[in-house]
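A look at the structure
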Amino acid sequence: MNYSVEKQKGAVKVDFTLTADEWKEALSQAYLMTRGKYNIPGFRKGHAPRGVIESMYGKGVFFDDAFETSFRRAYGEVMDKETWIFPVDDPKVDLGDMDEEKFTFSATITTKPEFELGAYKGLEIPKAEVDVKPSEVDAEVEHARMHASRIIEVTDRAIQKGDVVTLDYSGSVDGVKFEGGTAQNQELEIGSNSFIPGFEDGMIGLTIGQTSDLRVKFPEDYHAKELAGKDAVFTVTVHAIKVKEMPQLNDEFARDVSECETLADYKKSIEDKIRSDKQHRADVDSENEMLKIISGNCEIDVPQCMIDKEVDYMLADFEMQLKQYYGGMSLKDYFKYTGLKELDFRRQRRESAISNVKIRLVLEKIIEAEKIEVSEKELEEEVEKFVSHSKEHGREFDEHALSHQRAYIKSDLLMAKVIDFLKKSNKFVAKKEDAATDGADKKPVRKKASSDKKTASKKSSTAKSDKKDE
């Protein structure tokens, strides 16, 4: 087999030539490998002569198998010899001439784009100078108080705003009860605005055991059209009144909810935690900004196939998040519920995909330029950690699977090293955090979808419709 290589813009074209004898041998091998799938009358399966099979199915019956084997072998040989070629997609194959002397074909290979590195050292990278506001600390303390609160029953007073009341109710419009308007032993927090306007306010002042009629009006936009705008009467009976008792803010509270001895120390620990979290987010943001600036200093013509593959990865990662954090939801269901089409999803992520590919290409080139390497000792130590962690979670890897995993681990180590190199090679310049947009209202960037779960509960027809529509 002979071949020649021609460099093109963003690609390499390889022309192959097989001699007549090489092609005949490929056809013979294809016959031997595939003859068992042909049923020929008068012959046991797999024993029909090649000429008989060709006479029944045509001269080209073994062509595809012969070519696939020949091309795979020829392409692999070229890739082994021409190590400078970096394919980023499957080759596009074109058939040439075939006669008694030779068989020619070509493969056009989209390659990793060539580009010159721009400035990547000695740059000034903006970095947020974080601050913690007293209100942020107070909010965390209040959250801890809420978590440490307890519900106690009240028997010596009437209902007040903020109480949790256990009640029966029965609603009617023009003296006729309506579906969903009756409940027993219902719990309701007064002031939560869970029921229609006027209902909860009407409960204020009632006492345990008291029965009263509450006159209210359904909102004009109420979800049950037959009740919208109607006057109604709810007969309610109070069974219990409970109140949320919050712990006092003192040293005892601090000791109960933390390892701190005093309230002042507890607040300081919260401030330190908030500052640490903010600093981590600022560091991540600065690192991303550094990579964006460095990749922006390079002109790279990213092949469409690399963009498509990156979007494929993003789509697969999003599907994994859906399944992990949203009860096994499929992409099909997600697109159905949101009305979004996969094409829209891909378009929305195109620019991010281009940015990701550019950054990866630039980092790879810097690794090469700076001769950044991972030693065998470093790799083995990381592999051992990976294997140990996997065993703890009941996963085992055979040698073949582990060899693939080693390649991923080495790649991760290289990326970590080059990013560390760039952080040390550039100067991070502090900038004051924008109080209007950052601080307490700034949310951390998460790699995975949030695992916070919201519990939906059934509500009676007295629940506000705007709650449902929000």
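Notes on the structure follow. Worth saying up front: this structure is predicted, and the values here are computed from it rather than measured. (Residues numbered from 1 in each chain as written. Predicted model: local features only at pLDDT ≥ 70, side-chain atom pairs only at ≥ 80, totals over all residues. Heavy atoms only, no water.)

1. Focus: helix α3 (residues 63-81)
- Taking 1.5 Å of rise per residue, 19 residues should cover 27 Å, and α3 covers 27 Å from first to last C-alpha, within 8% of that figure.
- Buried within α3 we find Phe-63, Ala-66, Phe-67, Thr-69, Ser-70, Phe-71, Ala-74, Tyr-75, Val-78 and Met-79. (Helix = DSSP H or I, 4+ residues; strand = E, 2+ residues; numbered from the N terminus. Expected span 1.5 Å × (residues − 1). Buried < 20%, exposed > 50% of the residue type's maximum accessible area, 1.4 Å probe, protein only.)

2. What about the packing of helix α7 (residues 263-296) against helix α11 (residues 350-369)?
- Where α7 meets α11, the closest approach of the two axes is 9 Å, and the angle between their N-to-C directions is 80°. Classed by the angle they form, the pair α7 and α11 counts as roughly perpendicular. Note on element contacts: α11 touches α7 through Lys-358, Ile-359, Val-362, Leu-363 and Ile-366, opposite Leu-291, Ile-294 and Ser-295.
- Per-class residue counts for the contact of α7 with α11 are 6 nonpolar, 1 polar and 1 charged. (Axes fitted to C-alpha atoms, helices over the stretch in contact; angles between N-to-C directions. Parallel < 35°, antiparallel > 145°, perpendicular 65-115°, else oblique. Contact = heavy atoms within 4.5 Å. Nonpolar A, V, L, I, M, F, W, Y, C, P; charged D, E, K, R; others polar.)

3. A word on the environment of Ser-352
- Relative to the helices and strands, Ser-352 resides in helix α11.
- With relative accessibility at 38%, the residue Ser-352 sits in the partly exposed group.
- The spatial distance from the C-alpha of Ser-352 to the C-alpha of Glu-376 is 34 Å, given a sequence separation of 24 residues.

4. Concerning the pattern of salt bridges
- One pass over the full model with this rule turns up 29 salt bridges.
- Across the salt bridge formed by Glu-77 and Lys-81, the nearest N and O atoms sit 3.3 Å from each other. Linking Glu-77 with Lys-81, this pair stays in helix α3, spanning 4 residues, or about one helical turn.
- A relative accessible area of 29% means that Glu-77 is categorised as partly exposed.
- For the salt bridge of Glu-319 with Lys-323, the shortest nitrogen-to-oxygen distance reads 3.9 Å. Taken together, the positions of Glu-319 and Lys-323, both in helix α8 (residues 304-325) and 4 residues apart, correspond to about one turn of that helix.
- Relative accessible area serves as the criterion here: at 47%, Lys-323 is assigned to the partly exposed category.
- Overlapping salt bridges, with partners in common, bring together Arg-50, Glu-54 and Lys-59 in one network. (Salt bridge = Lys/Arg side-chain N within 4 Å of Asp/Glu carboxyl O.)

In short, the description is geometric, and any link to function would need to be established separately.
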